[in-house]
Amino acid sequence: MPLTIDQLNAADPAQGTQLLDGIYEHSPWIAEQAMAARPFKSLAHLKHAMAKVVNTASQQAQLDLIRAHPELAGKAMVSKTLTAESTNEQSKAGLTQCTPEEFTRIQQLNTDYNARFGFPFILAVRGPRGTGLAKQEIIDTFARRLDNHPDFERAEALRNIHRIAEIRLNDKFAFEPTLGNDVWDWQERLSQHTDKGYEELGQLTVTYLTDAHRACAQRISHWMRDCGFDEVEIDAVGNVVGRYKPANEGGKYLLTGSHYDTVRNGGKYDGRLGIFVPMACVRELQRQNRRLPFGIEVVAFAEEEGQRYKATFLGSGALIGDFKQAWLDQQDADGITMREAMQHAGLCIDDIPKLQRNAADYLGFIEVHIEQGPVLNELDIPLGVVTSINGSQRYICEMIGMASHAGTTPMDRRRDAAVGVAELALYVEHRATQDGDSVATIGQLHVPNGSINVVPGRCLFSLDMRAPTNAQRDALVKDILAKLDEIAKRRGLHYKAEMSMSADAAPSAPEWQKRWENAVNALGVPLFRMPSGAGHDAMKIHEIMPQAMLFTRGLNSGISHNPLESTTSDDMQLSIDAFSHVLAQLAAEEQKA
């Protein structure tokens, strides 16, 4: 019989520890200490309580835990002395059926890894879906993590141990993240569509109105119909819009969604998670034959990333009346204008102004998104409530000095443009850290026609500066531009700095942020508030109606805009549960009104 939270809460400490035997490899002290956190509100609460015991333990205790785990395809597997749990996990990943070549490669990686770190390589081989990673993915991950810093790798080993424990707890409690699995599967299937030139490389790239982009739109629209949306359309800019009607005609709508385009060689979850989470919620309502006092409008925004054309937030911008006609004349790398691409896709350009929404028809906007950063991952917290989307400014800059002979120009006579920018880069790093949650980046750095034996006379560079409030951003920008001016004057340089983008901060509406907080608390996971350093469609919708976002933890240090971007079906399930809880809060509020 599966274990229940009620049974665990009712057990005495010794019984409770025994009930959780085997969750953490040969380490009963973790279950014993976690029992102090009772009563557990949920399975998610129990998972975090056990992880917290490990994360607050001494470094030696953590190392002992790591060393209690067997090597992958190692001596214990060969001698059949693995625990039942480890045998099951390695078997599901196919490690008990390695070819001689695979076994030899893994053995060498085990040797190299132990020599570098002094503990065995730990990987949750059942993976983010719980069904097992491919052997080649395991080998690639093994090789990649050999390059990590020892302190980081110790923490990464512990994070994988927590994931192993999560899956073992799921098994013990007979819990299946059913809706999370469905959302995970939708994203996996959607990622089969990728632009030509990238498909051959096995890379995911979906840019505005390409064949792959249009195929994604069609697939999302079909899934929306299967989920039970009453109305589904692809609008005049390529947004896929699904509407689930309210109980009574004339009711307002909750607006939600995110984007389905990607960066080049990107990940599967950026944007798309925010489409499929509400779709899963609508499907459940339809299966239960339930209508809410308000309708739900899910928009899969056609463009957010600005990859094919220099027109970011095109999809969400159209909904607030901010589609710029000049965009239609922009050309892509092949000389195809946006107007031509739209016409080829069968979109009606004349209908774009009709897409503007009337804010009075909506309750507000919410968006679920993968965090795209390391914070939740490092804290071992599955969800984060967004307090504000950072305001940002970008500049395209040029530092101008004097090119001269690298061998004959004394160091104190040089007007080196690149060194001037290098000095600025160090200041940018230092200044941003003073605010704690500000960030600033020189992402592009180029010496045109540079030669190995020439002092750089020109250096082209970019500046990207972001902060949670406009005032904080403006102070950051002011200081960095002032430093740029000071460096140039002191070094006898000249510069140009042209602003290429400015976006205001989008603080979450307090009442909507509170609804997300209520949902997270109800799930029994820690409440963690954080700003969003990345821009999102929510910041465009923010211009006409209240908005708030929920972040979902990512794997692999939360990396995004990268093929390693990932998250688990368990965390997706929690996002769906939180979204459903917000729907329930809104329904209760509407009924009281």
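To be clear, the structure that these remarks concern was listed above.
Here is what the cut-offs are and how they apply
Residues numbered from 1 in each chain as written. Predicted model: local features only at pLDDT ≥ 70, side-chain atom pairs only at ≥ 80, totals over all residues. Heavy atoms only, no water. Helix = DSSP H or I, 4+ residues; strand = E, 2+ residues; numbered from the N terminus. Rg over C-alpha atoms; globule rule 2.2 N^0.38 Å. Buried < 20%, exposed > 50% of the residue type's maximum accessible area, 1.4 Å probe, protein only. Pairing = 2+ DSSP bridges. Axes fitted to C-alpha atoms, helices over the stretch in contact; angles between N-to-C directions. Left-handed = near helix turned anticlockwise from the far one by under 90°. Contact = heavy atoms within 4.5 Å. Expected span 1.5 Å × (residues − 1). Core = buried A, V, L, I, M, F, W, Y, C linked by side-chain atoms within 4.5 Å.

Draft legend 1. Spotlight on the overall build of the protein. Within the protein, the secondary structure is distributed over 21 helices and 16 strands. What you see for the protein is a C-alpha radius of gyration of 26 Å, in line with the 25 Å of a compact globule of 593 residues. Along the first, second and third principal axes, the C-alpha set of the protein runs to 75 × 70 × 45 Å. Every one of the 593 residues in the protein was classed for burial, and the buried ones make up 53%.

Draft legend 2. A look at the pairing of strand E2 (residues 240–244). In terms of residue burial, E2 counts as a mostly covered element, since four of its five residues are buried. In this sheet, E2 lies alongside strand E1 (residues 231–234) in antiparallel orientation, the contact comprising four bridges. What sits directly across from Glu231, in E2, is Arg243. The antiparallel hairpin formed by E1 and E2 contains five residues in its connecting segment, where Gly238 sits at a positive phi of about 100°. As defined by bridge partners, E2 adjoins strand E4 (residues 295–301) across five bridges and the pair is classed as antiparallel.

Draft legend 3. Quick peek at the packing of helix H4 (residues 43–55) against helix H10 (residues 150–172). Axis separation between H4 and H10 bottoms out at 10 Å; the angle between their running directions is 150°. Seen from above, H4 lies across H10 with right-handed handedness. The segment H4 lies against H10, with Leu43, Leu46, Lys47, Met50, Ala51, Val54 and Asn55 engaging Leu158, His162, Glu166, Leu169 and Asn170.

Draft legend 4. Inspection of helix H13 (residues 273–287) at higher detail. Its 15 residues give H13 an end-to-end C-alpha distance of 21 Å, which sits within 8% of 21 Å, the value for a rise of 1.5 Å per residue. The buried count for H13 comes to twelve of 15 residues, which makes it a mostly enclosed element. Those residues of H13 that sit buried are Leu273, Gly274, Ile275, Phe276, Val277, Pro278, Met279, Ala280, Cys281, Val282, Arg283 and Leu285.

Draft legend 5. Quick peek at the nonpolar core. Ranked by internal contacts, the top residues of the largest apolar core, which has 78 residues, are Tyr208, Ile220, Met279, Phe323, Met338, Met342 and Trp516. Among the nonpolar cores identified, the runner-up in size contains 48 residues, and Val125, Ile138, Ile164 and Leu169 belong to it.

Draft legend 6. Geometry of unusual backbone geometry. The omega torsion across Arg38 and Pro39 is 0°, close enough to zero to call that bond cis. Located in the positive-phi region is Phe313, a residue other than glycine, with phi close to 60°. In this fold, Phe313 is placed in the loop between E4 and helix H14 (314–319).

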